Amino acid sequence: MGVDSLGYIALTTTKMDEWRTLLERVFGMEPRMRDGAIDYRIDGYHHRITLTPDTTDSVEVIGWELGSSEALATLVKILQDRGVAVTMEGADLRARRKVKELCSFTCPMIGNRQELYYGPLISNTPFAPSRGISGYKTGTLGLGHVVYWVKDLAASVKFYQDVMGFAISDYIAWDNNDAVFMHCNRRHHTLALMQDGPNTPAGALMHLMVEANSYDDVGYGYDLVRDMGIPVMIEPGKHSNDHMQSFYLQTPSGFWLEYGYGGIEIGPDWQVRNYDAPMLWGHRFVGS
Ligand SMILES: [Fe+2]
């Protein structure tokens, strides 16, 4: 029951050139032009990230993948039984997303647009990165993870457990932060939710994480970011819970992008834990 993985993210932006520089020169993603928009490929899927030029910067949608039409129909029914309005999307949007079946809804907890789909288009040619990287750890683990601030943390966690099919991985509480990490496959967390605050508004995407196949990809990427003057927000370090070695940069749209390597996976003997700090080492805020 529930979603299988984070499939894609689509963004609108006023800063196409800056985004292109970031995704192509730093992250080595493969651009595919489409009517002014750009789809970015990072693995066998047709694309995982879409940039569309617009007059505002926004996270247009995140897309959750399910394994079959039946699984999709079951989740739609569960959402509707909870009073969530679900729209079955037509051929135009299916063609843009490159999926067999597609529906959308507004998350009653985060407040953002989300899509559910099955049957993503897979390309028969290898991913051709824009720079020399070993590639991205995706497959059944999906695109990566997203972290959102929410107004009602307890109710949001319950919604993602009871409706969307996530399970709790662990918790971290530190300083004035309160975070719950949740999985829907073997990736340690595909979604994390944090209590909102005065400068961290509910519904905003805090960051997207993509995971490299080698730490050298991350290291070379870090040097490129520094050389190109892209703002680093958190220096390289290792997380306490998923052991991801990563750094964080600020994207042209304002939210952060975490470039990571080496995250542990959820296994059959998984035990939920509660940590008092997000890092084992490093991960210092820039300027601290
Ligand atoms: Fe993260």
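Since this is a predicted model, take the numbers as computed values, not measurements.

Q: I would appreciate a short explanation of the overall build of the chain in the present structure.
A: When helices and strands are counted, the chain shows 5 helices and 18 strands. The C-alpha radius of gyration of the chain comes to 18 Å, within 12% of the 19 Å expected for a compact globule of 288 residues. Taking the principal axes of the C-alpha coordinates as reference, the chain spans close to 50 × 45 × 40 Å. Per-residue burial for the chain yields a buried fraction of 52% across its 288 residues. Of all intrachain contacts in the chain linking residues separated by at least 6 positions in sequence, the fraction that spans at least 24 positions is 68%.

Q: Explanation requested: the pairing of strand β10 (residues 167-174) in the structure shown.
A: Within a regular strand, the side chains alternate between the two sheet faces. Here 7 bridges tie β10 to strand β11 (residues 177-183), and the two strands are oriented antiparallel to one another. Bridge pairing links alanine 167 to histidine 183 in β11. In this antiparallel pair of consecutive strands, β10 and β11, the connection spans 2 residues, and aspartate 175 shows a positive phi of 45°. Of the pairings in the sheet, the one linking β10 to strand β17 (residues 273-275) comprises 3 bridges and is parallel in character. Directly across from isoleucine 172, in β17, lies its bridge partner tyrosine 275.

Q: Would you mind going over the coordination of the iron ion with me for this structure?
A: Each pair of donors in an ideal four-coordinate tetrahedral metal site encloses 109.5 degrees, whereas pairs in an ideal six-coordinate octahedral site enclose 90 or 180 degrees. Distances from the iron ion to its protein donors, namely His145 (NE2), His207 (NE2) and Glu258 (OE), fall within the range 2.0 to 2.2 Å. Mapping the donors of the iron ion onto the primary sequence gives the spacing H-x61-H-x50-E. Placement of histidine 145 in strand β9 (residues 145-150) and of histidine 207 in strand β13 (residues 205-211) is noted, with a sequence separation of 62 residues between them. Each member of the pair, histidine 145 as well as histidine 207, carries the same accessibility label: buried.

Q: Just checking my understanding: could you explain the domain arrangement of the chain for this structure?
A: A common way to express how large an interface is: the accessible area buried when the components associate. Under the domain assignment used here, the chain contains domain 1 (5-120) and domain 2 (139-266). Between domain 1 and domain 2, the residue contacts involve 36 residues of the former and 38 residues of the latter. Taken together, both faces of the contact between domain 1 and domain 2 bury some 2,900 Å²; the carbon and sulfur share is 78%. Taken together, the connections running from domain 1 to domain 2 amount to 0 salt bridges. Linking domain 1 to domain 2 there are 6 residue pairs in polar contact (both at pLDDT 80 or more).

Criteria and cut-off values
Residues numbered from 1 in each chain as written. Predicted model: local features only at pLDDT ≥ 70, side-chain atom pairs only at ≥ 80, totals over all residues. Heavy atoms only, no water. Helix = DSSP H or I, 4+ residues; strand = E, 2+ residues; numbered from the N terminus. Rg over C-alpha atoms; globule rule 2.2 N^0.38 Å. Buried < 20%, exposed > 50% of the residue type's maximum accessible area, 1.4 Å probe, protein only. Contact = heavy atoms within 4.5 Å. Pairing = 2+ DSSP bridges. Donors = N, O, S within 2.8 Å, 3.2 Å for Na, K, Ca; no water. Domains from an automatic or database assignment. Buried area = accessible area lost by both parts, 1.4 Å probe. Salt bridge = Lys/Arg side-chain N within 4 Å of Asp/Glu carboxyl O. Polar contact = N/O pair within 3.5 Å; in protein donor to acceptor, adjacent residues only side chain to side chain.

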